[in-house]
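Here's the letter readout for the chains.
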Amino acid sequence: MRNEQWEKLYEEIGDCRLCGLCQTRAHAVPGEGNPQAEIMLVGEGPGADEDATGRPFVGRAGKLLDKMLDAVDLTREDVYICNVVKCRPPQNRNPSPEEMRACLPYLRRQMELVQPRIVVCLGKVAASCLMHENFAITRERGVWQTLEGRDVIATFHPAALLRDDRLLIDAWRDMQAIKTRSQGLPQEEHG
Ligand code: URA
């Protein structure tokens, strides 16, 4: 993804000091994948492995995310993956509203550059940021909404799936729905 706008954005994120998370990061984690992807996946924020490498979703949750993509014949090269906050919150706590607000312009610029048709919120934090506050992931996941002309859906965060494998079936259904929509096929109702 070599072009000036991307390079500038990644440089700004790498040097960012807009919130306190810059003080404890090893690396900012801007995001990666296909810069012209139809599907953008948005997680919460980097964990320890991501902070160490500067790459999104490379730890255990990331491995499961790869499997979820593979289950619907998608790879990381097909999608663009990033997070609401680009620097790791200490002890993997949830990012604060102020941290999310400070970081949101970067995500907006990523959306403008990628122009995805479909945005997938991975977990409650991303959904609360992009869809509506106090998003109830168990009740509201799997339901399409529209955000600035894009189709947006939330599914469980892969870390939640690692904690509770009973959630896998719904996450798998969501992935199917995402794949179907990306192909422009009619959707089956699913809950
Ligand atoms: N969890 C996230 O939300 N994002 C990552 O990049 C890794 C784990």
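The structure we're discussing is the one just above.
Residues numbered from 1 in each chain as written. Predicted model: local features only at pLDDT ≥ 70, side-chain atom pairs only at ≥ 80, totals over all residues. Heavy atoms only, no water.

Outline the packing of aromatic side chains, listing residues and values.
One pair of aromatic rings is described through two measures. These are the centre distance and the angle between the planes. Under the definition given, this model contains 2 aromatic pairs. Ring geometry for Trp6 versus Tyr10: centroids 5.7 Å apart, planes at 80 degrees, classification edge-to-face. Of this pair, Trp6 and Tyr10 both sit in helix 1 (residues 4-15), separated by 4 residues, roughly a single helical turn. Take Trp6: its relative accessible area is 4%, and that puts it in the buried class. Among the aromatic residues, those joined into a cluster by ring pairs are Trp6, Tyr10 and Tyr80. We note Arg181 situated over the ring of Trp144; from NZ or CZ to the ring centre the distance is 4.2 Å. (Phe/Tyr/Trp six-rings, centres within 6.5 Å; stacked < 30°, edge-to-face > 60°. Helix = DSSP H or I, 4+ residues; strand = E, 2+ residues; numbered from the N terminus. Buried < 20%, exposed > 50% of the residue type's maximum accessible area, 1.4 Å probe, protein only. Lys NZ or Arg CZ within 6 Å of the ring centre and 35° of its normal.)

So what's going on with the nonpolar core? Which residues, and what values?
Ranked by size, the top nonpolar core spans 56 residues in total, and within it Leu41 and Val42 carry the most contacts. Of the residues forming this core, the biggest block, 7 residues, is contributed by helix 4 (residues 97-114). Filtering out sequence-adjacent residues up to four positions away, Leu41 remains in contact with Leu65, Leu69, Val79, Tyr80, Ile81, Cys82, Val120 and Leu122. (Core = buried A, V, L, I, M, F, W, Y, C linked by side-chain atoms within 4.5 Å. Contact = heavy atoms within 4.5 Å.)

For the site of the ligand, give the residues involved together with the corresponding values.
Every residue lining the ligand is accounted for by Gly43, Glu44, Gly45, Glu50, Pro56, Phe57, Asn83 and His157. One of the backbone N or O atoms of Glu44 is found 2.8 Å from an oxygen atom in the ligand. The fraction of the free accessible surface of the ligand (240 Å²) that becomes covered by protein chains is 91%. When each cavity is represented as a set of grid points, the ligand is found to reside in the largest pocket. For the shell around the ligand, the per-class residue count stands at 2 nonpolar, 4 polar and 2 charged. (Near = heavy atom within 4 Å. Polar contact = N/O pair within 3.5 Å; in protein donor to acceptor, adjacent residues only side chain to side chain. Areas by Shrake-Rupley, 256 points an atom, 1.4 Å probe, with all protein chains shown as cover. 1 Å grid on protein atoms, 1.4 Å probe; cavity = no way out; pocket = protein on both sides within 12 Å on 5 of 7 lines; lining within 4 Å. Sits in = over half its atoms within 2 Å of the grid points. Nonpolar A, V, L, I, M, F, W, Y, C, P; charged D, E, K, R; others polar.)

So what's going on with the pairing of strand 3 (residues 79-83)? Which residues, and what values?
Along any regular strand, the residues point their side chains to alternate faces of the sheet. The element strand 3 is largely enclosed, with a buried count of 5 among its 5 residues. On strand 3, burial covers both faces: Val79, Ile81 and Asn83 on one face and Tyr80 and Cys82 on the other are all buried. Pairing analysis gives 2 bridges linking strand 1 (residues 32-33) to strand 3, with the strands arranged antiparallel. Within strand 3, the residue paired with Gly33 across the bridge is Tyr80. Sheet analysis places strand 2 (residues 39-43) next to strand 3, joined by 5 bridges and oriented parallel. (Pairing = 2+ DSSP bridges.)

I'd like a description of the layout of surface pockets, backed by residues and values.
The space that makes up the largest pocket amounts to roughly 580 Å³. Around the largest pocket, the lining is made up of 26 residues, and of these Glu44, Gly45, Ala61, His157 and Ala159 lie nearest the centre. At the level of secondary structure, the elements contributing two or more residues to the lining of the largest pocket comprise helix 2 (48-53), helix 3 (60-71), helix 5 (124-130) and helix 7 (158-163). Top contributing element to the lining of the largest pocket by residue count: helix 7, with 4 residues. Here the residues of the lining of the largest pocket are counted per class, giving 12 nonpolar, 7 polar and 7 charged. In this structure, the second largest pocket occupies an estimated 300 Å³ of space. Forming the walls of the second largest pocket are Asn94, Pro95, Pro97, Met100, Arg101, Leu104, Lys124, Val125, Ser128, Cys129, Glu133 and Asn134. (Points joined across faces, edges and corners; volume = space filled by probe spheres on them.)

A description of helix 3 should follow, citing residues and the corresponding values.
If you check helix 3, its first and last C-alpha atoms are 17 Å apart, about what 12 residues at 1.5 Å a residue would give, namely 16 Å. Ala61, Gly62, Leu64, Leu65, Met68 and Leu69 are the residues of helix 3 that are buried. The buried residues of helix 3 occupy an angular sector of 160 degrees when the element is viewed end-on, so they sit on one face. Opposite the buried face of helix 3, by more than 90 degrees, sit the exposed residues Arg60, Lys63, Lys67 and Asp70. Next to the buried residues of helix 3 lie strand 2, strand 3, strand 4 (118-122), helix 7 and helix 8 (168-182). Asp73, located one to two residues past helix 3, shows a positive phi value of around 60 degrees. (Expected span 1.5 Å × (residues − 1). Arc of directions from axis to C-beta.)

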